[in-house]
Amino acid sequence: MSVKAVDNWWAKWQAGGRDALLSRPRGRRVGEHQVLSEAEQAAVRQAVLDHIPSDLGLSGQLWTRGQIGELIFKLYRVRFTEPGVGKYLKRWGLTFQRPDKRAVEQDAEAVRVWHEETWPAIRARAKAENGEVLFGDQVGIRSDQVTGRTWGAKGASPVVRRTGNRFSVNAMSAISTRGRMHFMVFTESFNAKVMCRFLARLVGHFDHKVHLIVDRHSAHRSKTVRTWLADHQDQIELHFLPSYSPELNPDELVNADLKRSLPHTHRARNQVELAAETRRFFHRRQRQPHVVRGYFGGPHVRYVLDENPLSFCSIGRPRSLRASRSRVRSPSGAGHKPQRPDSLLMEGVRGRWGEEKRQMTAVAMPIQVWVGGGLGGPSDCPNCSCLGGRL
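Residues numbered from 1 in each chain as written. Predicted model: local features only at pLDDT ≥ 70, side-chain atom pairs only at ≥ 80, totals over all residues. Heavy atoms only, no water.

Q: Requested: an account of the confidence of the model for the protein, with residues and values cited.
A: Residues at a pLDDT of 70 or more form 76% of the protein, whose mean pLDDT is 80. Contacts of residues 308-337 to residues separated by more than four positions or lying in other chains number 51 contacts, the stretch itself having pLDDT below 50. Taken together, the stretch residues 343-391 has pLDDT below 50 and engages in 104 contacts with residues farther than four places along the chain or on a different chain. (pLDDT = per-residue confidence, 0-100. Contact = heavy atoms within 4.5 Å.)

Shown next, in the form of structure tokens:
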């Protein structure tokens, strides 16, 4: 320690006491000597948030650091490197995200009317009639859907064996803010007859009127369904979401949860196994009402809980959905990272799947169906040809 340094400290102590000896940040202050002024930065930030590149004379639908740099050059004739643009983006509080999708055919005015007029009216009617509001939707599950990701050595894709046969099952479900879930799994195409069958099973679980909110699928608005509803108007009433607005339906999150969960459990080898896995998912969610209530915590469907006497204050997105949107990065140099595995056909592969089991699954079996509803039990349907119930 030099004598000059000690003299300086002593002089500072005499002038300002202990506070004068505290270290101060070195270098330029944040925001000083920037190429773009505060007003120019605010203008670029707002342009990125309010527009897509093609709106401003650039190419593409998604913003990149290079395109934002081109926008800055176009506006202020200043060139930035991509790392330089990245520093500005971080300072502006912007992050690189996967965008939500919206149909260009969506009517913004219809969405506004739904939020401000239609939905409050439905909620008020259901409350006055001591009824229950449910959101419903149908979903299709295919055997060749994306398998997800797993861990493997860097540069070597893991292998997952799957069947080469293509088959699918469909499901119809409905959920409420009480945490109740009702569903039906079937193999035929979704049409008016299937919709009427689901509605008949749904009203059997309630002793009060049901208000079911669905999208504008042609089967939902068919003459057959309208006739059935007219004969059961004291039991159930159908309401329709605005066109091209799936984000307003909480049951869409059930579909996303289903498709994310199935590849992590078991790879079905035939339609019967795929239907069984789908039913197991719905049964599991029926025993987890807190997860069902959590579907209503999504940012675009939280409007359902506003001023809703059936809502719960501690609702959040289901853990399974939060996990599906997370991004995992491996440590630098670790040599391993999550990857999308390659898939190989399972035909001819012996192991835990013996020849005996392959022969058993090929045998035609009579099939029954039932709709799960809340905490209630099944209702048998010996005349039904779908795969919604016990085998």
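Q: With reference to specific residues and values, describe unusual backbone geometry.
A: In this structure, Arg77 takes a positive phi of about 55° despite not being glycine. On the secondary structure map, Arg77 appears in the loop between helix H3 (65-76) and helix H4 (82-91). A positive phi angle, close to 55°, is found at Asn130, a residue other than glycine. (Helix = DSSP H or I, 4+ residues; strand = E, 2+ residues; numbered from the N terminus.)

Q: Describe helix H7 (residues 223-231), naming the residues involved and giving the relevant values.
A: When we look at burial in H7, the residues that qualify are Val225, Trp228 and Leu229. Within H7, the buried residues cover an arc of 100° as seen down the axis, which keeps them to one side. When the buried face of H7 is taken as reference, the exposed residues oriented beyond 90 degrees from it are Lys223 and Asp231. Of the surrounding secondary structure, the elements contacted by the buried residues of H7 are helix H6 (192-203) and strand S7 (236-240). (Buried < 20%, exposed > 50% of the residue type's maximum accessible area, 1.4 Å probe, protein only. Arc of directions from axis to C-beta.)

Q: Explain the pairing of strand S4 (residues 168-175) residue by residue, including any values.
A: Counting buried residues in S4 gives seven out of eight residues, a clear majority hidden from the surface. Inspection of the sheet shows strand S1 (residues 132-142) paired to S4 by eight bridges, in the antiparallel sense. Note on S4: the bridge partner recorded for Phe135 is Ile175. One ladder, built from six bridges, connects S4 with strand S5 (residues 181-186); its direction is antiparallel. Note that in S5 the partner of Ser173 across the bridge is Phe183. (Pairing = 2+ DSSP bridges.)

Q: So what's going on with the packing of helix H8 (residues 251-261) against helix H9 (residues 271-286)? Which residues, and what values?
A: Packing of H8 against H9 brings their axes to within 10 Å, and their N-to-C directions diverge by 125°. One way to sum up the angle between H8 and H9 is to call them oblique. The element H8 and its partner H9 pack so that their crossing is right-handed. Across the interface between the two elements, Val254, Asp257, Leu258 and Ser261 of H8 pack against Thr278, Phe281, Phe282, Arg284 and Arg285 of H9. Taken together, the residues of the contact of H8 with H9 break down into four nonpolar, two polar and three charged. (Axes fitted to C-alpha atoms, helices over the stretch in contact; angles between N-to-C directions. Parallel < 35°, antiparallel > 145°, perpendicular 65-115°, else oblique. Left-handed = near helix turned anticlockwise from the far one by under 90°. Nonpolar A, V, L, I, M, F, W, Y, C, P; charged D, E, K, R; others polar.)

Q: Explain the pairing of S7 residue by residue, including any values.
A: Direction of pairing for strand S6 (residues 210-214) relative to S7: parallel, over a ladder of five bridges. Paired with Ile213 across the two strands is His239, which belongs to S7. Handedness of the β-α-β unit built from S6, H7 and S7 comes out right-handed. (Right-handed = clockwise from strand over helix to strand, strands pointing away.)

Q: Which residues make up the pattern of salt bridges, and what are the values?
A: For the structure shown, the criterion picks out 13 salt bridges. When the shortest N-O distance is used, the salt bridge between Arg102 and Glu247 registers 3.6 Å. Here the residue Arg102 occupies a position in the loop between H4 and helix H5 (108-128), and Glu247 occupies one in the loop between S7 and H8, the gap between them amounting to 145 residues. Taking the relative accessible area as the measure of exposure, Arg102 reaches 37% and is therefore partly exposed. You can call Glu247 buried: its relative accessible area is 16%. Each of Arg125, Glu129, Lys209 and Glu237 takes part in a single network of salt bridges with overlapping partners. (Salt bridge = Lys/Arg side-chain N within 4 Å of Asp/Glu carboxyl O.)

Q: An account of H5 is needed here, citing residue identities and associated values.
A: For H5, which comprises 21 residues, the first-to-last C-alpha distance of 29 Å matches the rise-based estimate of 30 Å (1.5 Å per residue) to within 8%. Its maximal kink placed at Trp114, H5 deviates by approximately 50°. Turning to H5, its buried residues are Val111, Trp114, Trp119, Ile122, Arg123 and Ala126. Structurally, H5 contributes buried residues whose contacts are with S1, S6 and S7. Where H5 ends, the next residue or the one after it, Asn130, has phi of about 55°, a positive value. (Expected span 1.5 Å × (residues − 1). Bend = angle between axes of the 7 residues up to and from the residue.)

Q: A description of a nonpolar patch on the surface should follow, citing residues and the corresponding values.
A: On the surface, a cluster of nonpolar side chains totalling about 720 Å² of accessible area is made up of Met1, Val6, Trp9, Trp10, Trp13 and Leu21. Position of Val6 among the secondary structure elements: in helix H1 (residues 3-16). Residue classification places Val6 among the partly exposed positions, given a relative accessible area of 40%. (Patch = residues over 30% accessible without salt bridge, like charges linked within 9 Å, V, L, I, M, F, W, Y side chains within 5 Å. Areas by Shrake-Rupley, 256 points an atom, 1.4 Å probe, with all protein chains shown as cover.)

Q: Break down the packing of aromatic side chains for me, citing the residues and quoting the values.
A: Here the structure, examined in full by the defined rule, presents eight aromatic pairs. With 5.2 Å between their ring centres and 85° between their planes, Phe80 and Tyr88 make a pair best called edge-to-face. For Tyr88, a relative accessible area of 6% translates into the label buried. A ring pair is formed by Phe135 and Phe296, whose centres lie 6.2 Å apart and whose planes are at 70°; its orientation type is edge-to-face. (Phe/Tyr/Trp six-rings, centres within 6.5 Å; stacked < 30°, edge-to-face > 60°.)

Q: Mind laying out the packing of helix H2 (residues 38-50) against H3, listing which residues take part and the relevant values?
A: Two elements in contact, H2 and H3, have axes separated by 11 Å at closest approach and are oriented at 130°. Taken together, the axes of H2 and H3 lie oblique to each other. As H2 packs across H3, the resulting crossing turns out to be right-handed. Seen from H2, the contacting residues are Glu40, Ala43, Val44, Ala47 and Val48; seen from H3, they are Ile68, Leu71, Ile72, Leu75 and Tyr76. Its residues placed into classes, the contact of H2 with H3 shows nine nonpolar, no polar and one charged.

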